[in-house]
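Listed here are the chains, written in short residue letters.
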Amino acid sequence: MANVRQISVFVDNKPNQLAGVMKLLKESGINIRALSLADTKDFGILRIIVNDTDKAVETLKNALYAVTVTEILAISIPDSAGQLSRVLDILGSENVNLEYLYAFTGASDKAVSFVIRVDDNANASAALTKGGIIQLTENDIAEM
Amino acid sequence: MERYWNEEIECMPREEMKKLQDERLVAQVKHVYENVPYYRSLMDEKGVKPEDIKSTDDLHKLPFLTKADLRDAYPYGLLAKPLSDCVRIQSTSGTTGKRVVAFYTQHDIDLWEDCCARAITAAGGTNEDVCQVCYGYGLFTGGPGLNGGSHKVGCLTLPMSSGNTERQITFMRDLGATILCCTPSYAAYIGETLHDMGYTTDDIKLKAGIFGAEPWTEEMRRSIEKSLGIKAYDIYGLTETSGPGVSFECSEQTGMHINEDHFIPEIINPETGEVLPDGEVGELVFTSITKEAFPLLRYRTRDLCVLSRKKCSCGRTLIKMTKPMGRSDDMMIIRGVNVFPSQIETVLIEQGYSPNYLIEVDRVNNTDTLDISVEMNPDQLSDKVKDMQDQEKSLAIAIKTMLGINPKVHLVAPKSITRSEGKAVRVIDKRKLHD
Ligand SMILES: [Zn+2]
């Protein structure tokens, strides 16, 4: 099991809301390793993986942001055609539901990293291991 | 053990109270007829003479006064005493049209403060208490009224006025305030700030709050009681009749006892003006029977409520009024349906949301639109957008069930809706801009 903690922050869909979160984290010396913003016309949910999850959560909560922490899987696959679809096939064959995924830049330019949010981490993780997919730990990501 | 400020009056047998009201009403009608030409001409038009009013049974014969009369008669038209006998004015916030200005003799001030003292005593206040008044001071009656009542009771009074919430909490803690007087929305904000500052109810000594001057719901009462660790009492009044203290709540918390030795209440059908029996919803009308300088007879408050003479467990015999269910000023007509902000507030609190919200009403292609911005509940944050959209939808359905019309609900970030330090602005009706 190599679950990674992802922080989600609720942001209003107004100018400068996102910048405010970024500035706050930067000032607290927190580095963002992976980021995705899912938004509607009312609000956005900013999802991030950082080098110091506990500190980031505390910083955001102190600034009165609504914050939640979810365990996700992070994988690293070769940057070549067909690799992502292989991952999706593995998950599909185990009946794991994929909620969302997003890519982030890893340490090497020959590999690409993905955050994978599924409904069953344990099952998905076992299937990925069996399929030979490299999973990243929170520590791996922090050290990128 | 229930405590009273004026047991003789507050627990007076009904027949005696009626006798007292009869005498005071007869004298008051004579005083007004002789000294207020504006009201004299209303009585003459209706063909009513002071001699026709022999007791409270004749009250219905008198003409009504409305807010429009107060504006017409501004500033001195309803004054019943020479200015040399007056010592104070208070005024309504009057955002539209002319302000309403009310005049007081020293005697009027004494009676008003006495009414507030009854309210503070009913909330458990004694000369051992520290009473923090964060109603606005100045023209608004809230601060001066409760301040005077607190002095009468002998509480150590903190005349904070509203605003600077962190300082409010510092004083509350340093001086051990036990009673808080302010608007309910400000009380909710003080509670929130207290917790945001990292304190709990163990860090303060408050035991009671006296909240009024704006509509609030039972759900809001429970949430304020929890966040401040107090018992919250309602108080009612309006500048036109004196200020807060026209009626006040006792420990039963099931309505406010009206100070009937000063104010005679009636409930009327707002359309026809016909007097309705106790127990029916209608517009509250007050007749001041002791005020000298600004004695309004049959003043239409525009507040909708119910009167009850049911025996109260506190021992008071004073008639009770329900919390106003709405004010004709607050009532919005959206797609032909009457909507009160308090209904929306009730749903929000039931569903676990903060009572800070903003209603925007507009008209698009000749159809009214209702948009409600609500602060999302941080405990309900999900990383999945769909979960959050489902929260918006289920809240919209709950509001539709309550109102019968479909709103659009918009979740916004916690603490992003402006907090109020006085009366909260909860409704923006953009249709008025088009008319
Ligand atoms: Zn009672």
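Details of the structure are given in the entry above.
**Looking at the coordination of the zinc ion**
As a benchmark, a tetrahedral metal site with four donors has ideal angles of 109.5 degrees, while an octahedral site with six donors has ideal angles of 90 or 180 degrees.
Residue and element names in this part refer to chain B.
Phase 1 of the analysis: Each protein donor to the zinc ion is listed here as Cys250 (SG), His257 (NE2), Cys312 (SG) and Cys314 (SG); together their distances run 2.1 to 2.2 Å.
Phase 2 of the analysis: Geometry at the zinc ion is tetrahedral, judged from its four donor atoms and the angles of 102 to 114 degrees they form at the metal.
Phase 3 of the analysis: Written as a sequence motif, the donor residues of the zinc ion are C-x6-H-x54-C-x1-C.
Phase 4 of the analysis: Cys250 gets classed as buried once you look at its relative accessible area, which sits at 0%.

**A few points about the interface of chain A and chain B**
One frequent convention defines the size of an interface as the accessible area lost when the parts assemble.
Phase 1 of the analysis: The interface of chain A with chain B comprises 19 residues on the first partner and 19 residues on the second.
Phase 2 of the analysis: The three residues of chain A that bury the most area against chain B are Phe10, Asp42 and Leu64 of chain A, which together make up 33% of that side's buried surface.
Phase 3 of the analysis: Inspection of the chain A/chain B interface yields two salt bridges.
Phase 4 of the analysis: Between Asp383 of chain B and Arg117 of chain A there is a salt bridge whose closest N-O contact spans 2.6 Å.
Phase 5 of the analysis: Summed over the shared surface of chain A and chain B, the number is six residue pairs in polar contact (both at pLDDT 80 or more).

**Thoughts on the sheet that holds strand S5 (residues 179-182) of chain B**
In a beta sheet, neighbouring strands are held together by backbone hydrogen bonds and run either parallel or antiparallel to one another.
All names here are of chain B.
Phase 1 of the analysis: Read from one edge to the other, the open sheet built from nine strands follows the order S4-S3-S5-S6-S7-S8-S9-S14-S13, with strand pairing classed as mixed. In this open sheet, the two edge strands, each paired with only one partner strand, are strand S4 (156-159) and strand S13 (307-308).
Phase 2 of the analysis: Of the strand pairs in this sheet, strand S3 (residues 130-133) and S5 are connected by three bridges, and their pairing is parallel. Within S5, the position partnered with Cys131 by the bridge is Ile179.
Phase 3 of the analysis: Contacts from helix H9 (residues 218-228) reach S5, strand S6 (208-212), strand S7 (231-237) and strand S8 (244-249) within the one sheet, and its direction differs from that of S7 by about 130 degrees.

**Here's the deal with the pairing of strand S1 (residues 4-12) of chain A**
Residues and elements named next belong to chain A.
Phase 1 of the analysis: The element S1 is largely enclosed, with a buried count of eight among its nine residues.
Phase 2 of the analysis: Note: S1 against strand S4 (residues 67-78), six bridges, orientation antiparallel. Across the sheet, residue Val4 finds its bridge partner in S4, namely Ile72.

**Some remarks on the packing of helix H2 (residues 14-35) of chain B against helix H3 (residues 37-46) of chain B**
Residue and element names in this part refer to chain B.
Phase 1 of the analysis: Taken N-terminus to C-terminus, the directions of H2 and H3 make an angle of 105 degrees; their axes are 6 Å apart at the nearest point. The angle between H2 and H3 falls in the class roughly perpendicular. Facing H2, whose interface residues are Val29, Val32, Tyr33, Glu34 and Asn35, H3 presents Pro37, Tyr39, Arg40, Met43 and Asp44.
Phase 2 of the analysis: When its residues are assigned to classes, the contact of H2 with H3 shows six nonpolar, one polar and three charged.

The rules behind these values
- Throughout this description, residue numbers start from 1 for each chain and increase along the sequence as written.
- Here every chain gets a letter starting at A, and every ligand a number starting at 1, in the order they are written.
- Where totals are concerned, whole chains, interfaces and linings use all residues; where local detail is concerned, this predicted model gives features only for residues with pLDDT of at least 70, and gives and counts side-chain atom pairs only at 80 or more.
- Note that water and hydrogens are dropped before the side-chain values are worked out from all heavy atoms of the structure.
- Note on donors: an N, O or S atom is included if it sits within 2.8 Å of the metal, or within 3.2 Å for Na, K and Ca, and water is never included, so sites can look incomplete.
- Four donors are marked tetrahedral only if all angles between them lie between 85 and 135 degrees, whereas four are marked square planar and six octahedral if opposite donors are more than 155 degrees apart and the other angles lie between 65 and 115; the remainder are marked irregular.
- Exposure is judged per residue with a 1.4 Å probe applied to protein chains only, and the accessible area is read against the type maximum: over 50% gives exposed, under 20% gives buried, and values in between give partly exposed.
- Residue contacts are defined here by distance: any two heavy atoms, one from each residue, within 4.5 Å place the two residues in contact.
- Once two parts are brought into contact, the accessible area they lose, counted with a 1.4 Å probe and summed over both, makes up the buried area.
- A side-chain nitrogen of Lys or Arg and a carboxyl oxygen of Asp or Glu constitute a salt bridge if their distance falls within 4 Å.
- N or O atoms closer than or at 3.5 Å make up a polar contact, with two conditions inside protein: a donor-capable atom paired with an acceptor-capable one, and, for residues adjacent in sequence, both atoms drawn from side chains.
- DSSP bridges decide pairing: two strands pair if at least two such bridges lie between them.
- Strands here mean DSSP runs of E at least two residues long; helices mean DSSP runs of H or I at least four residues long; both are numbered from the N terminus.
- Think of each axis as a best-fit line through the C-alpha atoms, taken over the contacting stretch in the case of a helix, with angles from 0 to 180 degrees between the N-to-C directions.
- Put simply, angles under 35 degrees are roughly parallel, angles over 145 are roughly antiparallel, angles from 65 to 115 are roughly perpendicular, and the rest are oblique.
- Asp, Glu, Lys and Arg are counted as charged, while Ala, Val, Leu, Ile, Met, Phe, Trp, Tyr, Cys and Pro are counted as nonpolar; the rest, among them Gly, fall into the polar class.

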